[in-house]
Amino acid sequence: MVSLLRTSLAPVGKAIAAQHFSTAAVLSNDSYRFVVAGGGAGGLAIASSLARKYGDGNVAVIEPSDVHYYQPMWTLVGGGEKTLQDSAKEMSKLMPKNATWIKEKVEQFDPAQNLVYTSDNRKVNYDYLVVAMGLQVNFNKIEGLPEALEDPASGVASNFSPKYVNKTFELIKNFQGGNAIFTMPTLPIKCPGAPQKIMYLAEDYFRNKSGVRDKTTVMYNSALAVLFGVKKYANSLWKVVERKGIQVNLHTNLVEVMSKEKKAMFTITNPADNTTTNKIFDYDMIHVSPPMGPLACLKDSPVSDANGWVDVNKTTLQHMRFPNVFAIGDCSNVPTSKTAAAVAGQSGVLLKSLESVMKGEIPAEKYDGYTSCPLITGYGTTILAEFDFNAAPLETFPIDQGKERTSMYYLKRDIMPELYWSGLLRGVWRGPGIVRKALHAGLKN
Ligand code: FAD
Ligand code: UQ1
């Protein structure tokens, strides 16, 4: 039955055709036309589309977690606007009905044999592989941080984990004044705006809810050279930090948390000569955005580049060396900001590339790097940053999105979750490109 299916596949070039024959020898129940590694935002978007089109038995999703989190909501969980429960759904409820869920981790890739190996020592064979395994949040790269996050009295929290995001709001709510520090590591991280969004919510809380703002210093200590990577939105954000009286320290990278003494050490780089000095800051609360990197199983893997990111063509999302392999989202080396919005934009392109390869054609659809970061600047205001590979704004709405707007806050808080659960994860929302074109065409007419 499986071999019948295989012979019905259109050839995708000599190399792949040869691989079909060699993999026929390892056929077992664990053999699928499409294997999706990872059931996060990108994995479920792709698996849903493929399962809908190709039906029972053809699609497998390898995903170890019982729970799927809508991570973009964690900023609002840390800010007390939503609960962690609001951001979670059972994975079993989200898996496409006619896809097979392999509840394991992918541990190794053997793309020359069209195989992935899982944590239960299974070999899973595929015709086409989509890697969608996200990235790794490296709390342990900051000395003292893992212990500090576990300690309820440390004054240290992070929105970058479901384990610690509730602690963020606890700290904000109970803050009595002093130094409130918000950190930003070197790139890449997921949602590079997230480290400052939580700061703007905290500042608003101190000013308008708990009334401790006048005895508080709010500080943004960022390892980067700029406040935000897109000039238009950086200009707006500099006005926000000035208005709110926030101290911004650039080139200032967190290296150690000494939570017993409530001190944190930062390495400050002098951009003129790249010399560094260490500086210790006292804190009363600190929100840490830790460094992030590729998953351990992707480092030194045959599907990865030298840095451990899955090595794909940035416009077609097809693998650079294995034409039947594709990647989506945070795990790839596509040079854009890693966001769910980017995943939405990539999903349509990836599916078209995949279909082209299945027909033996060269992928023609092109991803433009679309990504977006709804930059929450307080309870009720957001700058909707949207941009492309060149860090040029690529805005959906025909209004100045560089302005803080109430409408964009409600879009982020109330509409985006539904767009994610019912649109993106079901493979029907491919990003706002189509809306942008319609709205902008409407203006020209
Ligand atoms: P994920 O959604 O992280 O999914 C990866 C999946 O792979 C997971 O289900 C995981 O369990 C699975 N996996 C891991 N290891 C393995 C393995 N070995 N084998 C198989 N499966 C594995 N994006 C926005 O667009 N807008 C925002 O406002 C926004 N704000 C954010 C705020 C915060 C605090 C955070 C943390 C993220 C935010 N993001 C935002 C980013 C967004 O959540 C991610 O970019 C998006 O989820 C990436 O999707 P993905 O499919 O690549 O990875
Ligand atoms: C988006 O498509 C998306 O994925 C569902 C997000 O993740 C939650 C976003 O944050 C944004 C901004 C978009 C883009 C959507 C619109 C309507 C601008």
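To start, this report covers the structure provided alongside it. Residue positions are given per chain, counted from 1 along the sequence in the order it is written. Going through the entries in the order they are written, you letter the chains from A and number the ligands from 1. Only residues with pLDDT of at least 70 get local features here, since the model is predicted, and only at 80 or more are side-chain atom pairs given and counted; chain-wide, interface and lining totals rely on the full set of residues. The side-chain figures draw on all heavy atoms in the structure; neither hydrogens nor water molecules are used.

### Focus: the site of ligand 2
Here's step 1: In this text, near means that some heavy atom of the residue lies within 4 Å of the molecule or strand in question. In the neighbourhood of ligand 2, 13 residues make up the surrounding shell, with Y70, Y370, S372, E386 and W429 lying closest.
Here's step 2: For ligand 2, an oxygen atom lies 2.8 Å from a polar atom in the side chain of W429.
Here's step 3: The Shrake-Rupley method, run with a 1.4 Å probe sphere, supplies the accessible areas, and residue values consider only the shown protein chains as cover. For ligand 2, whose accessible area on its own is 440 Å², the fraction buried by protein is 95%.
Here's step 4: Of all elements in the fold, only α10 (340–358), β20 (371–378) and β21 (381–387) reach the threshold of two or more residues within the shell around ligand 2.
Here's step 5: Its residues placed into classes, the shell around ligand 2 shows 10 nonpolar, two polar and one charged.
Here's step 6: Viewed by domain, the shell around ligand 2 spans two of them, domain 1 (2–135 + 294–358) and domain 3 (371–439), each represented by three or more residues. The term polar contact refers here to a pair of N or O atoms within 3.5 Å; inside protein, the definition further demands a hydrogen-donor-capable atom paired with an acceptor-capable atom, and it admits residues adjacent in sequence only when both atoms are side-chain atoms. A run of H or I in DSSP becomes a helix once it reaches four residues, and a run of E becomes a strand once it reaches two; helices and strands are each numbered from the N terminus. Amino acids outside the nonpolar list (Ala, Val, Leu, Ile, Met, Phe, Trp, Tyr, Cys, Pro) and the charged list (Asp, Glu, Lys, Arg) are all regarded as polar, and Gly is one of them. For the purposes of this description, domain bounds are those given by an automatic or database domain assignment.

### With respect to the sheet that holds strand β13 (residues 247–249)
Here's step 1: Any two strands with at least two DSSP-identified bridges between them are counted as paired. Overall, parallel pairing links the five strands, which are arranged β10-β17-β11-β12-β13 in an open sheet. Both outer strands of the open sheet, β10 (156–157) and β13, are each paired with one neighbouring strand and no more.
Here's step 2: Contacts between helix α8 (residues 194–208) and the sheet are confined to β11 (178–184), β12 (216–222) and β17 (285–287), with β12 contributing the most and set at about 175° to the helix. Whether two residues are in contact is decided by their heavy atoms: any pair within 4.5 Å suffices. For helices, the fitted axis covers only the stretch in contact; all axes are lines through C-alpha atoms, and the angles between them, taken along N-to-C directions, range from 0 to 180 degrees.

### Things to note about the sheet that holds strand β15 (residues 263–269)
Here's step 1: Ordered by their spatial adjacency, three strands build an open sheet running β14-β15-β16, and the pairing between neighbours is antiparallel. Two strands close off the open sheet at either side, each with one partner strand: β14 (252–258) and β16 (276–282). Neighbour to neighbour, the strand axes of the sheet diverge by 25° on average, direction disregarded.
Here's step 2: Note that β14 and β15 share six bridges and pair antiparallel. Across the sheet, M258 pairs through a bridge with K263, a residue of β15.

### Some remarks on the packing of helix α7 (residues 165–174) against α8
Here's step 1: Running from N to C, α7 and α8 cross one another at 30°; their axes reach a closest spacing of 9 Å. When the axis of α7 is compared with that of α8, the two are roughly parallel. Every pair of crossing elements has a handedness; the one defined by α7 and α8 is right-handed. On α8, the residues touching T168, F169, I172 and K173 of α7 are I198, A202, Y205 and F206. The cut-offs work like this: below 35 degrees is roughly parallel, past 145 is roughly antiparallel, 65 to 115 is roughly perpendicular, and the gaps in between are oblique. The sense of a crossing depends on the near helix, which, turned anticlockwise from the far helix by less than a right angle, makes the crossing left-handed and, turned clockwise, makes it right-handed.

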